[in-house]
Amino acid sequence: MEHSSTVRVSYLGKVYEFEGRLRAEKVLQKLNLNPEEVLVIQGNRLVPPDELVEGEIEIRPVISGG
Amino acid sequence: MKCRMCHGRAVIKLPAHNLNLCENCFVTFLQRRVRRTIGSLRLLSPGEKVLVAVSGGKDSLSLWDLLLELGYQAEGLYIDLGIGEYSQKSEEKAVSFAQRKGARLHIQRVKDYFGGLAIPEIARRAKRTSCSVCGLVKRYLMNQSGRCFDVIATGHNLDDEVSFLLGNLLNWQTDALARQAPSLPDRESLRRKVKPLVLCSEREMAAYALIRGIDYILDECPYSQGSTSLLYKSALNRLEQESPGTKLRFYQGFLKSRLAFVAKEEPELQPCENCGYLTTTQICSFCRLQQRVLERV
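Read on for a plain summary of the structure. (Residues numbered from 1 in each chain as written. Chains lettered and ligands numbered in written order. Predicted model: local features only at pLDDT ≥ 70, side-chain atom pairs only at ≥ 80, totals over all residues. Heavy atoms only, no water.)

A separate point is the packing of helix H1 (residues 23–40) of chain B against helix H2 (residues 58–69) of chain B. Residue and element names in this part refer to chain B. Axis separation between H1 and H2 bottoms out at 10 Å; the angle between their running directions is 80 degrees. The angle between H1 and H2 places the two elements in the roughly perpendicular class. On H2, the residues that touch Leu30, Gln31, Val34 and Ile38 of H1 are Leu66, Leu67 and Glu69. Looking at the contact of H1 with H2 residue by residue, the classes come out as five nonpolar, one polar and one charged. (Axes fitted to C-alpha atoms, helices over the stretch in contact; angles between N-to-C directions. Helix = DSSP H or I, 4+ residues; strand = E, 2+ residues; numbered from the N terminus. Parallel < 35°, antiparallel > 145°, perpendicular 65-115°, else oblique. Contact = heavy atoms within 4.5 Å. Nonpolar A, V, L, I, M, F, W, Y, C, P; charged D, E, K, R; others polar.)

Right, dumping it as C-alpha cells:
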C-alpha cells in the first residue's frame, strides 16, 4: 500500500495543505513568503530550509511593527 | 546543510554573514555578536547596572536573556500600557521570564499617572495618535524608572533601525537623523540609553528566542497594523533577499556618516517646572499631556 504524505502549514491563523513531502524553502516559495521575514517551525524546533518536511509545520512571522 | 562552525546539522541559514549554523553555534554566534557590538560601540561598561525595557516580545526578552548570559547586572522594566488583552498577555510573558531567570522585574502602569486611563483613552482625549502618546509616555516612565540605574537598554534590532533610517531619509528629517544612534548619552537627570541589538536582524532575534525557549508574545500591538515602519521593513527585506547584507551595510554606513547630521549646538534643556524632567520648554510634554487629559476626566 502506498503511503501518501501531506504538509499542513499554519500561517497567520490559516491552514494550507500541500501533497507530498516538500523542502521547507519550497513551502515558503509556494506561499510567496520572504525567508527573511519568517521562521519555519516543527514542534519547537527550527526547520532548516533544505529539510524535507511532512506533517504539521508552523510558519511564524518575525517582523513586528511600531 | 552543515554548520560552518562544528560541521553538525545546521538549522539556520544567515545569507548576510554567508553562514549556516546549528542551534548551539547560532546561540554562541549571537552572544558573541552582541558582546562585540557592546564593546565596539562602547554601549556598556563592566559592572554597570542596566535596566532593560521589556515589552514581552522576542527582542526585549532576548536582550534581557543575552545581557544576563553575558554577566551584566540587568533588571527589567515592564510598562503596562493598558491595551486590553494585548497588555495582559505581554505582562504575563515578562513576569514568567523574570521568574524563570530569577531576575527582578519592575512594573509601571500608565493608568496610575492618568487618573485610571490607558493609552487608547489618553490618545482620544489628547486628540493624538495612540503611537505618539505611547512613545512619549514610555520614554518618560523609562527615564523615571532608570534613576537608580547607570543605563537603560532597549531591544531595538537592525530591522527597527534601518526602517527608521529609511523613513527619516525619505522625509529628510535631519533632526531625527541626528538623534538616531545606538547610544544616547546621559544628560543630567536623563539616563543614558543603549541599543545592544542594532546589528542583529529581527529574524535572528526570533530564532534566538525560539532556540533559548523564551516564551514571548506573538500577537502584535493592535495599533501597529498598517504602520509605515512595516512597509519600510518589507521593502528592505525585499532588497535583503536579492542582495544579502544590504541592511547591515545600510546601517553601518550610516553609523560612519551620522555625525554629518548632528547639530553643532545641542538644544538647551532645563528642568520641567512641574516634575524636574529635562525639557526644552517650561513644562515638559509628559506633564502637558497629563494636564490636558486630566482636565477632561
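All names here are of chain B. Between the first and last C-alpha of H2 there are 16 Å, a value that for twelve residues agrees with the 16 Å anticipated at 1.5 Å per step. A large share of H2 lies buried, amounting to ten of its twelve residues. Within H2, the full set of buried residues consists of Lys58, Asp59, Ser60, Leu61, Ser62, Leu63, Trp64, Asp65, Leu66 and Leu67. Among the residues trailing H2, Gly71 stands out with phi positive, at a value near 95 degrees. (Expected span 1.5 Å × (residues − 1). Buried < 20%, exposed > 50% of the residue type's maximum accessible area, 1.4 Å probe, protein only.)

Next up on the list: unusual backbone geometry. Residues and elements named next belong to chain B. The phi torsion at Lys127 lies on the positive side, around 55 degrees, for a residue other than glycine. Within the secondary structure layout, Lys127 lies in the loop between helix H4 (119–126) and helix H5 (130–145). Phi at Trp172 is positive, roughly 45 degrees, even though this residue is not glycine. One can find Trp172 in the loop between helix H6 (158–170) and helix H7 (174–179). On the accessibility criterion, Trp172 (57% relative accessible area) is exposed.

Residue and element names in this part refer to chain A. The buried fraction of strand S4 (residues 38–42) amounts to four of the five residues, a majority that puts the element mostly inside the structure. Note: S4 against strand S7 (residues 55–61), four bridges, orientation antiparallel. Considered in S7, the bridge of Ile41 is made with Glu58. Alignment of S4 against strand S5 (residues 45–46), held across two bridges, turns out to be antiparallel. Paired with Gln42 across the two strands is Arg45, which belongs to S5. Hairpin connection, S4 to S5: the antiparallel pair is bridged by two residues, and Gly43 has positive phi, about 65 degrees. (Pairing = 2+ DSSP bridges.)

A turn of α-helix holds 3.6 residues, and therefore any two residues three or four places apart point the same way. Residues and elements named next belong to chain B. Under the 1.5 Å per step criterion, the end-to-end length of H6 is 18 Å for 13 residues, consistent within 8% with the ideal 18 Å. Of all the residues in H6, the buried ones are Leu158, Asp159, Asp160, Glu161, Val162, Ser163, Leu165, Leu166, Gly167 and Asn168. Buried residues in H6 make contact with H7, helix H8 (202–211), helix H9 (228–242) and helix H10 (246–257). Regarding H6, its N-cap is Asn157, as a side-chain oxygen of that residue lies 3.0 Å from the backbone nitrogen of Asp159 further along. Just downstream of H6 lies Trp172, where phi reads positive at about 45 degrees. (Polar contact = N/O pair within 3.5 Å; in protein donor to acceptor, adjacent residues only side chain to side chain.)

Turning to the sheet that holds strand S6 (residues 151–153) of chain B, a few remarks are in order. All names here are of chain B. Strands sit in the order S5-S4-S3-S6-S8-S7 across an open sheet of six strands; the sheet is mixed. Of all strands in the sheet, those bounded by a partner on one side alone are strand S5 (105–109) and strand S7 (183–184). Where S6 meets strand S8 (residues 192–194), three bridges bridge the pair, whose relative direction is parallel. Within S8, the position partnered with Ala153 by the bridge is Val194. Sheet strands in contact with H5 are strand S3 (49–54), strand S4 (73–80), S5, S6 and S8, and its direction is about 140 degrees off that of S4.

The interface is formed by 21 residues belonging to chain A together with 31 residues belonging to chain B. Here chain A meets chain B over a buried area of about 2,100 Å², counting both sides, of which 54% is carbon and sulfur. Among the residues chain A hides against chain B, the three largest losses belong to A:Glu36, A:Leu46 and A:Ile63. Together they make up 28% of the total. With its nearest N and O atoms 3.7 Å apart, the salt bridge here joins A:Glu51 to B:Arg9. Run the count over chain A and chain B and you get nine residue pairs in polar contact (both at pLDDT 80 or more). Broken down by secondary-structure element, the contributors of at least two residues to the side of chain A that touches chain B are S4 and S5 of chain A. When residues of the side of chain A that touches chain B are assigned to their parent elements, the largest contribution, three residues, is made by S4(A). Partitioning the side of chain A that touches chain B into residue classes produces ten nonpolar, five polar and six charged. (Buried area = accessible area lost by both parts, 1.4 Å probe. Salt bridge = Lys/Arg side-chain N within 4 Å of Asp/Glu carboxyl O.)

In short, the description is geometric, and any link to function would need to be established separately.
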